Amino acid sequence: QYPPAVKLVDVGPRDGLQNEKEPVPASVKVELVHRLQDAGLKEIEVTSFVSPKWVPQMADNAEVMAGIRRKPGVRYSVLTPNMKGFEAAVASKPDEIVVFGAASEAFSQKNINCSIAESIERFAPVVEAARAKGIYVRGAISVAVGCPYQGEVAPEGVELVARLMKEIGVQHVGVADTIGVGTPRKVQAAMEAALEHYALDDVSGHFHDTYGQALPNTLACPEMGVWQYDASIAGLGGCPYAKGATGNVATEDVVFMLHGMGIETGIDLDKLVDAGKYISDFPGRKPNSRVATAMLNK
Ligand code: HMG
Ligand code: MG
């Protein structure tokens, strides 16, 4: 049974743009957020409060957050890997923060420079401080089916991180196929592992499209009743610590599929395609979305 409605979080401004080599001006990022909320997105992952040495593109985090004209009913989330990032983020008044761990030790080391156990120790005070301020806490579980350094990842890896996140008070977990190697049954198994510790209302899917599987993987999860997904406008992005990985499933493609199935998203596809064209025109590219390509060529 498919859920009647799905909530999409557009992670394009963060996951999408973090990988751009050329600096994207803060004003362009702000305009993208405005276009996404005008298209009907109810949650936007705006930026990350990480080390600018690690991810230079996100160094303008505070400027971008300050530039956004907030729309009632829209939630704005940011990544915060540690207390330093959280303290910097608080001034920007995010509705939600994201701590990001990994289901493999190797990816944890490459991405956030610590082991899985150390990452949980770093997240714990962040979660506590956020919840004390009424800020919702989401956790991302990277490399949930495959790791660029360790290869295949078993569902037990996801189960462990979900359990540890639950223990420190993380309210929601996103199961992330960072390098896009998952196929529907594998992502369902990873999702089931997360569901051992989290309710159906408290999990989401985050699928990169490297092998062209992100759309089938996204469809595999509503079959389980999961109704929250991350997607990236124009299919932007990749992870700087996962070489060769492409962007998330394109928001346009997910919306077209869901609407075609009679599943509501609250998103206006025409406006969404325009938003994708805007951000793709900036570096002079074409949107990495089949739906956007088809609609722009009509
Ligand atoms: P570290 O070097 O271990 O940190 O990095 P440290 O505590 O030893 O500090 C070293 C320096 O960084 C110090 O500065 C700190 O002040 C500074 P220095 O004294 O050398 O001048 N620093 C910071 N600066 C700004 N903001 C901060 C911060 N923390 C320390 N928050 C750290 C650890 C986590 C900071 C680093 O590894 C990092 O920034 N990693 C970011 C990695 C990242 O952003 N990856 C991409 C996002 S995750 C992703 O894309 C996956 C996801 O989409 C799901 C999926 O697809 O899998 C979510
Ligand atoms: Mg990602």
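Residues numbered from 1 in each chain as written. Chains lettered and ligands numbered in written order. Predicted model: local features only at pLDDT ≥ 70, side-chain atom pairs only at ≥ 80, totals over all residues.

Would you take a moment to explain the confidence of the model for the protein chain for this structure?
Mean pLDDT over the protein chain: 96, with 100% of residues reaching 70 or higher. Scoring the predicted complex yields pTM 0.97 and, for the interface, ipTM 0.98. (pLDDT = per-residue confidence, 0-100.)

Is there a simple way to explain helix 11 (residues 269–281) in this structure?
Along an α-helix, a turn takes 3.6 residues, which lines up residues three or four apart on a common side. Compared with the 18 Å implied by 1.5 Å per residue over 13 residues, the 18 Å span of helix 11 between its first and last C-alpha is a close match. For helix 11, the set of buried residues is L272, V273, A275, G276, K277, I279 and S280. On its buried side, helix 11 packs onto helix 1 (12–16), helix 2 (26–38), helix 10 (251–260) and helix 12 (290–296). (Helix = DSSP H or I, 4+ residues; strand = E, 2+ residues; numbered from the N terminus. Expected span 1.5 Å × (residues − 1). Buried ≥ 20, exposed ≤ 12 C-beta atoms within 10 Å, placed from the backbone. Contact = placed C-beta atoms within 7 Å.)

Please explain the nonpolar core as it appears in this structure.
Within soluble globular proteins, side chains that are nonpolar tend to cluster in buried spots. I141, A144, V158, V175 and A194 are the most contacted members of the largest nonpolar core, which has 91 residues in total. The biggest single contributor to this core is helix 8 (residues 184–195), with 6 residues. The contact partners of A144, leaving out residues within four places of it in the chain, are A103, V153, V158, V175, A176, D177 and A190. (Core = buried A, V, L, I, M, F, W, Y, C linked by C-beta atoms within 7 Å.)

Looking at this model, I keep getting lost on the site of ligand 1. Mind explaining?
Neighbouring residues of ligand 1: 27 residues in total, closest V50, S51, G85, S142 and T178. Top element by residues in the shell around ligand 1 is helix 4 (residues 83–90). It accounts for 3 residues. Across the shell around ligand 1, the residue classes tally to 14 nonpolar, 11 polar and 2 charged. (Near = placed C-beta within 6 Å. Nonpolar A, V, L, I, M, F, W, Y, C, P; charged D, E, K, R; others polar.)

Honestly, the sheet that holds strand 1 (residues 7–10) in this entry has me stumped. Any pointers?
Where strands meet in a sheet, backbone hydrogen bonds hold them as pairs that are either parallel or antiparallel. Strand order around the closed barrel formed by 8 strands is 1-2-3-4-5-8-9-10, with parallel pairing between neighbours. Taken pair by pair, the neighbouring strands of this sheet meet at an average axis angle of 25°, ignoring direction. Taken together, the 4 bridges between strand 5 (residues 136–142) and strand 8 (residues 172–177) define a ladder with parallel strand orientation. Paired with R138 across the bridge in strand 8 is H172. Against the sheet, helix 5 (residues 105–112) touches strand 4 (96–102) and strand 5, its axis set at about 130° to strand 4. (Pairing = 2+ DSSP bridges. Axes fitted to C-alpha atoms, helices over the stretch in contact; angles between N-to-C directions.)

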